[in-house]
Amino acid sequence: MEREESVVLFVDDESINTLVFEESFKRYFNVITARSGREALDKMSRYPVKVLVTDQLMPEMSGLELCEIVNSTYPHVVCMIATALSDSDTLLKAINQGGIFQYFLKPWKRHELKIAISNALNLNKLKRQNFLLNKNLKVRSSQLRHSDYKYKTIVDNTIDVIFTCDARGIVTFISSTIERYGYHADDVIGKSIFNFIYKEDLDYVTGEFQRALSTQQSIPVVFRTKNKYGEVIYVEERGKVDLQGGDFTITGVIRNVHEQVLAEQSLEKALNEIESLKNKLEEENIYLKQEIKLNNNYDNIITRDPRFNALLNQLEQVAKSDASVLIHGETGTGKELIAMAVHSKSTRCDNALIKLNCAAVPENLIESELFGHEKGAFTGAIQQRKGKFELANGGTLFLDEIGEMPYEMQAKLLRVLQEGELERVGGSKPIKVDVRVIAATNRELDKEVREKRFRGDLYYRLNVFPITLPPLRERKTDIPLLTDHFIQGLNRKTGKNIRSIAKACLQKLIDYSWPGNIRELQNIIERAHIVSSGTVLKIGQWLPDAPINNDSSLVTLDDMMKEYIIKVLESVNWRISGEKGAAKILGLKPTTLESRMKKLGIERFVNS
């Protein structure tokens, strides 16, 4: 798509927002801005706008009101709305009514909004193509009506081929107009009419011929034939069956319909392509709506740590390959951010980065999430649905918390990675996919493999290029940078003007051990930002006075969970399901509890 054609109009009554949008996207799209609905309508009358991105809450005219006017005046323009509202019922209603292509929550993420705008531009292109096709279809319909009139005139002047044949298909008479196909009457009379039918259509025409004889009804048949020069031509045959003296005679007319058939096939192909592209855009749009969440408020990787910079150099090298990447790191170290960086620097960056948190999907739904399902595959499958692999075709799939994937599902995932094809749940047709996989875990997967909780073959398939993210306590020099980055982001979001942090408070942040890593630091800064007034950030009593003691007596979360599950099981005599079962006490489904017991290696010990 040419950049000059990609005119995007951004409307917001706050000048800082229009400036940020223009600076963020001007190298991708031809961006113009407006500060009100009236100014936007004025610019739309002067510029070939393809996509409208507007704020919802504006004085005089809201974003929804602006979109309603644009939809009625410029039906090809695709409308999107930015909103800071948590209650989006009104926007969802507008989307369902077809007035808005998509909405997104402020503050927006540049990468996701870029993909959304690109999809909107593609939809605008499809709308214009569809308009032209419909226009061409009307012209073609008019041409076909004219052709019908023309061919009626031809028939009236006996220009079509008129023939008679017997019940065996032997031609007994044929008009001189057969010469239009390069034959003379003597070439055809006395021969079977089936000799002149294209071999791939022969069974179909023979069947229709026999049906006409048995029903004594006229049956129109369109088939291919060859003229004397070997050229394939579509013709339509209409015959009348007569029974005279116990013998069947067929009198018919053969009409050349080659141009009409080719025109209809061309139109059908074009409409099918449009429908396919429309479905693809709808599927991607549904996924993007589900993905628009405020997971974090930073776009770039912030660091001056030499170890982390060396890691980024490795990232730069692996990004341009299609090698699988396995990101190791504690919770909150930014594994998803690294996955996004690998994708953005890869050759697949123009296609989607699809994300799936394996720990957040119920065990009985993860196969459908990954591979999709057919309509009726299980209760609640009311329509066909593509999985994350199909949505990521040509792009990248990020599997977060891969260590939480059920053991039985790991074999199916390995098969797709090895063979590059999948089958939807309830389906039998293999579907080819081209997907690069990036996985992340906070578990020690090599230990999980040794203890039979993770498949070794899948581990080695994913661990082609391992990246280990250092915890924040090993990146002390980055804490001031990250702190300032979070403060500035919160200033833009809230309108406050906090410019610094006291040295003592900053030293307290540096001395803290940060078990929750960058995510914990971000939460602490946001908490302090809320209660701080003036221009200096106040940390207060959010942190302990000394670093957390790494006591060797502390146990892992898995060990603590294992000990507690065993304690509950023993209290109910190892009963899992039922009203008095362990699953009910723990607030889990019985199948989920059994899966967790297997993963933690919990087995009932019976005294002999």
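Scroll up a little and you will see the structure.
A brief look at the structure comes next. Quantities reported herein were computed from a predicted structural model and do not represent experimental measurements.

**Remarks on the overall build of the protein chain**
Link 1 in the chain: Regarding its fold elements, the protein chain presents 21 helices and 19 strands.
Link 2 in the chain: By the burial criterion, 43% of the 608 residues in the protein chain qualify as buried.
Link 3 in the chain: For the protein chain, the proportion of contacts with a sequence separation of at least 24, taken over those separated by at least 6, is 64%.

**Points about the sheet that holds strand β16 (residues 436–441)**
Two modes of strand pairing occur in sheets, parallel and antiparallel, and in both the strands are linked by backbone hydrogen bonds.
Link 1 in the chain: Across the sheet, which stays open at both edges, the five strands sit in the order β12-β13-β16-β11-β17 with parallel pairing between neighbours. With partners counted over all chains shown, the strands left at the sheet margins are β12 (353–357) and β17 (465–468), one partner each. The mean angle between the axes of side-by-side strands here comes to 20°, regardless of whether they run parallel or antiparallel.
Link 2 in the chain: As defined by bridge partners, strand β11 (residues 325–328) adjoins β17 across four bridges and the pair is classed as parallel. Bridge pairing in β17 links Leu326 to Pro466.

**Some points on the environment of Leu337**
Link 1 in the chain: With respect to the secondary-structure elements, Leu337 resides in helix α10 (residues 335–344).
Link 2 in the chain: Overall, Leu337 belongs to the buried group, its relative accessible area being 15%.
Link 3 in the chain: When the C-alpha atoms of Leu337 and Ile301 are compared, they prove to be 7.6 Å apart, with 36 residues separating the residues in sequence.

**With respect to the side chain of Lys50**
Link 1 in the chain: Structurally, Lys50 is set in the loop between α2 (37–44) and β3 (51–55).
Link 2 in the chain: Classification of Lys50 by relative accessible area gives buried; the value is 13%.

**A closer look at the packing of aromatic side chains**
Link 1 in the chain: A complete count under the given rule lists eleven aromatic pairs for this structure.
Link 2 in the chain: Each ring, one from Tyr28 and one from Phe29, has its centre 6.3 Å from the other, and the planes form 55°; the classification is tilted.
Link 3 in the chain: For Phe29, a relative accessible area of 4% corresponds to the buried category.
Link 4 in the chain: Aromatic ring contacts, followed pair by pair, group Phe10, Phe21, Phe25, Tyr28, Phe29 and Trp108 into a single cluster.
Link 5 in the chain: The ring of Phe308 has Arg475 lying over it, and the distance from NZ or CZ to the ring centre is 3.9 Å.

**Quick look at the packing of helix α16 (residues 478–494) against helix α17 (residues 503–511)**
Link 1 in the chain: α17 packs onto α16 with a crossing angle of 120° between their chain directions and a minimal axis gap of 9 Å. Relative to α17, the element α16 is oriented oblique. Considering only the axes of α16 and α17, their crossing is right-handed. Residue-level inspection shows Ile479, Pro480 and Thr483 of α16 in contact with α17, the latter providing Leu506, Leu509 and Ile510.
Link 2 in the chain: Among the residues making up the contact of α16 with α17, the classes are represented as five nonpolar, one polar and no charged.

**Observations concerning the packing of α16 against helix α18 (residues 517–531)**
Link 1 in the chain: Relative to each other, α16 and α18 sit at 45°, their axes nearing to 10 Å. Relative to α18, the element α16 lies oblique. As α16 packs across α18, the resulting crossing turns out to be right-handed. Contacts from Leu482, Thr483, Phe486, Ile487, Leu490, Asn491, Lys493 and Thr494 of α16 reach α18 at Ile518, Leu521, Gln522, Ile525, Glu526 and His529.
Link 2 in the chain: When the residues that make up the contact of α16 with α18 are grouped by side-chain class, the tally is seven nonpolar, five polar and two charged.

**What to know about a nonpolar patch on the surface**
Link 1 in the chain: On the surface, Ile16, Leu19 and Val20 cluster together to form a nonpolar patch covering roughly 250 Å² of accessible area.
Link 2 in the chain: Within the secondary structure, Leu19 sits in helix α1 (residues 15–25).

**Description of unusual backbone geometry**
Link 1 in the chain: Even without glycine at this site, Glu401 takes up a positive phi of about 55°.
Link 2 in the chain: In this structure, Glu401 sits in the loop between β13 (396–400) and α13 (407–419).
Link 3 in the chain: Accessibility expressed as a relative area gives 15% for Glu401, which makes it buried.
Link 4 in the chain: Although it is not a glycine, Asn517 adopts a positive phi angle of roughly 60°.
Link 5 in the chain: In this fold, Asn517 is placed in helix α18.

What counts and what doesn't
- Residues numbered from 1 in each chain as written.
- Predicted model: local features only at pLDDT ≥ 70, side-chain atom pairs only at ≥ 80, totals over all residues.
- Heavy atoms only, no water.
- Helix = DSSP H or I, 4+ residues; strand = E, 2+ residues; numbered from the N terminus.
- Buried < 20%, exposed > 50% of the residue type's maximum accessible area, 1.4 Å probe, protein only.
- Contact = heavy atoms within 4.5 Å.
- Pairing = 2+ DSSP bridges.
- Axes fitted to C-alpha atoms, helices over the stretch in contact; angles between N-to-C directions.
- Phe/Tyr/Trp six-rings, centres within 6.5 Å; stacked < 30°, edge-to-face > 60°.
- Lys NZ or Arg CZ within 6 Å of the ring centre and 35° of its normal.
- Parallel < 35°, antiparallel > 145°, perpendicular 65-115°, else oblique.
- Left-handed = near helix turned anticlockwise from the far one by under 90°.
- Nonpolar A, V, L, I, M, F, W, Y, C, P; charged D, E, K, R; others polar.
- Patch = residues over 30% accessible without salt bridge, like charges linked within 9 Å, V, L, I, M, F, W, Y side chains within 5 Å.
- Areas by Shrake-Rupley, 256 points an atom, 1.4 Å probe, with all protein chains shown as cover.
- Salt bridge = Lys/Arg side-chain N within 4 Å of Asp/Glu carboxyl O.

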